[in-house]
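Next come the chains, spelled out residue by residue.
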Amino acid sequence: MYFKEKAKGKTMVNLVSQKPYRLVLCISFISCIMLLTNCFANASASSSFQFTTATGRAAITSNVPAELARMRALEDALYLAALQGGANINGFSAVSTDTSVQDHFVVRPSSKILDYTILSEETSGSKIEVSIRAAVGDLPEKKCNGTRPLNMTLYQPDTYIDMNVPAWIEIYHTKLFNELSFMLESNPLINISNAMNVQLSPQKLRTIDERFDYASLLSPQIRVRTGDFAIIPTLYLSAGDKPTKFITSRQIEVRLGLKVFSGESYQLIGEFEKSALFENDRIALFQNLADLDKPSREDLIEVMRGLIEPLTSEMITTLGCQSLNDTLYLDAQRLTTQLGSNQGVTPNMLAITSGKHSPWTVLRVVSVSSNTAILEPLDKARELNELDGKTVEFMELN
């Protein structure tokens, strides 16, 4: 939009008489600068994601048919909606030779429209009005959701134990996995399914149809749903000597890890690992003296236990920060996902996918069950089959 103001004054021959006028010009210029600064500040603060409504108007004339007027009214509504998300105002003042002052202002929206829907269209005589509801601003930054439930299935651990590792440590490592499982179960946000006697084969689960696989008919595979996680605990134990001048230290390295696979697709999405190096024994010239401050077995067990808490915390934090994504599919003229309340989806939750006529298509969760959700687009006139098969991301707003 463009605004113009003009203020005329009398020509002053006397230089002394021009000083008050110049003072007024300076004050006006400073005021304009302050106004523009304030507008820029408001524009930058108003760029967050929001919904807004606006009404655009246009006139139908002999040169402007009804359809063209409708498009102009829609354009006007979109412009007004974008302005509600913030505006950038550029301006300057020009002084002509007769001391006339002309102020020029150009107003541009500082935010962008992500998606919109037409609420109503009204034609009254030679006027047409179009009302819209628009999603304006920038998409919110992804934030970690510390309250989303996480569903995990623990599969058979993957272990490597060096033959030089003491026998008592080899026996204890099974208890280490049990304590890992117990710590995950004690977290109220985590639902654990224990399948530690079943070996996970991602390649097999991705490619084999169990209905026609003889081995799967005898021992059915344990599958993981979309939005949930398959976990393989890993343990690496190795032993080695570290000699010094008077003593040889026998050390044990422990690496405890978790491999995380996404449900349904069984793609590896993360590996987490914590390690520790501790002294198990000493060989010295004066063996009795070396044994005085040798760590006990209980001390070494505590070192291994100490890896569990930071390992599980890192995994839980990382998985809780991942966005919820799924593929939309059209079922009985309803857009459905295989994510539901068990995965943290709630009614009226917003979701986005790439748009055809706008940068994004905004959707809203209409209803939720345990493992499914039904969504509808913001623009009710949008063809649902255009969204079938698209990847949708749920927006977790605070």
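Refer to the structure presented above.
None of the values given here were measured: they were computed from a predicted structure.

If you tally the helices and strands in the protein chain, you get 8 helices and 19 strands. Considering the protein chain as a whole, with its 398 residues, one finds that 37% of them fall into the buried category. A sequence separation of at least 24 residues applies to 69% of the contacts in the protein chain between residues at least 6 apart. Of the accessible surface of the protein chain, which amounts to about 23,000 Å², a share of 54% is contributed by carbon and sulfur atoms.

Turning our attention to the sheet that holds strand β2 (residues 50-59). The strand order across the open sheet built from 3 strands is β2-β6-β5, with neighbouring strands paired in antiparallel fashion. One side of each edge strand has no neighbouring strand; the edge strands of this open sheet are β2 and β5 (113-124). Between one strand axis and the next, the sheet turns through 20 degrees on average, direction left out of account. Examined bridge by bridge, β5 and strand β6 (residues 127-136) share 10 bridges and lie antiparallel to one another. Bridge pairing links Thr-117 to Arg-133 in β6. Sheet strands touched by helix α2 (residues 66-84): β2, β5 and β6. Its angle to β2, the strand with the most contacts, is close to 145 degrees.

A word on helix α8 (residues 308-321). Taking 1.5 Å per residue as the helical rise, α8 with its 14 residues ought to reach 20 Å, and the 20 Å between its terminal C-alpha atoms agrees with that figure. Among the residues making up α8, those that are buried are Ile-308, Leu-311, Thr-312, Met-315, Leu-319 and Gly-320. The buried residues of α8 all sit within an arc of 150 degrees when viewed along its axis, so they share a single face.

What follows covers the nonpolar core. Met-152, Ile-169, Ile-231, Val-254, Leu-256, Met-304 and Met-315 are the most contacted members of the largest nonpolar core, which has 34 residues in total. Of all the elements in the fold, those that place two or more residues in this core are β7 (150-155), α3 (167-185), β9 (190-195), β10 (229-243), β11 (247-262), β12 (268-284), α7 (297-305) and α8. With 7 residues, the top contributor of residues to this core is α3.

With that settled, the discussion passes to the sheet that holds strand β15 (residues 335-337). As summarised here, the arrangement of the 7 strands in space is β13-β19-β16-β17-β18-β15-β14, forming an open sheet in which the pairing is antiparallel. Lying at the two open borders of the sheet, with one neighbouring strand each, are β13 (325-327) and β14 (329-330). Looking at chain direction, β15 and strand β18 (residues 373-377) are connected through 3 bridges and run antiparallel. When the sheet's bridge partners are listed, Leu-335 is paired in β18 with Leu-375.

Pairs may arise between side chains of opposite charge once their charged atoms sit close together. Summed over all chains, the structure comprises 9 salt bridges. For Glu-121, the salt bridge is made with Arg-70, and the minimal N-O distance between the two is 2.8 Å. Here Arg-70 lies in helix α2 and Glu-121 lies in strand β5, a separation of 51 residues in the sequence. Each of the salt bridges in this network shares a partner with another, and the network as a whole consists of Glu-67, Arg-70 and Glu-121.

Once that is clear, we can look at the packing of aromatic side chains. One pass over the structure, following the stated rule, counts 1 aromatic pair. Consider the rings of Tyr-160 and Tyr-236, whose centres lie 5.0 Å apart with planes at 15 degrees: the pair is stacked. Here the residue Tyr-160 occupies a position in strand β8 (residues 158-161), and Tyr-236 occupies one in strand β10, the gap between them amounting to 76 residues. On the accessibility criterion, Tyr-160 (45% relative accessible area) is partly exposed. For Tyr-236, a relative accessible area of 26% puts it in the partly exposed group. Residue placement shows Arg-133 over the ring face of Phe-51; its charged tip is 4.4 Å from the ring centre. In this arrangement the basic side chain of Arg-255 is found over the ring face of Tyr-236, its NZ or CZ atom lying 4.0 Å from the centre.

Turning next to the side chain of Gln-343. Mapped onto the secondary structure, Gln-343 falls in the loop between β15 and β16 (350-354). Under the relative-accessibility criterion, Gln-343 is labelled buried at 1%. A distance of 2.8 Å separates the side chain of Gln-343 from the backbone nitrogen of Gly-340, its partner in a polar contact. Within the structure, Gln-343 has its side chain in polar contact with the side chain of Asn-371 (distance 3.3 Å). Not counting the four nearest positions on each side in its chain, Gln-343 is found in contact with Arg-148, Pro-149, Asn-151, Thr-226, Gly-227, Asp-228, Leu-324, Gln-338, Ser-370 and Asn-371.

Turning next to unusual backbone geometry. The residue Tyr-266 is not glycine, and still its phi comes out positive at about 55 degrees. Along the chain, the position of Tyr-266 falls in the loop between β11 and β12. What makes Tyr-266 buried here is its relative accessible area of 1%. The residue Ala-332 is not glycine, and still its phi comes out positive at about 55 degrees.

What counts as what
Residues numbered from 1 in each chain as written. Predicted model: local features only at pLDDT ≥ 70, side-chain atom pairs only at ≥ 80, totals over all residues. Heavy atoms only, no water. Helix = DSSP H or I, 4+ residues; strand = E, 2+ residues; numbered from the N terminus. Buried < 20%, exposed > 50% of the residue type's maximum accessible area, 1.4 Å probe, protein only. Contact = heavy atoms within 4.5 Å. Areas by Shrake-Rupley, 256 points an atom, 1.4 Å probe, with all protein chains shown as cover. Pairing = 2+ DSSP bridges. Axes fitted to C-alpha atoms, helices over the stretch in contact; angles between N-to-C directions. Expected span 1.5 Å × (residues − 1). Arc of directions from axis to C-beta. Core = buried A, V, L, I, M, F, W, Y, C linked by side-chain atoms within 4.5 Å. Salt bridge = Lys/Arg side-chain N within 4 Å of Asp/Glu carboxyl O. Phe/Tyr/Trp six-rings, centres within 6.5 Å; stacked < 30°, edge-to-face > 60°. Lys NZ or Arg CZ within 6 Å of the ring centre and 35° of its normal. Polar contact = N/O pair within 3.5 Å; in protein donor to acceptor, adjacent residues only side chain to side chain.

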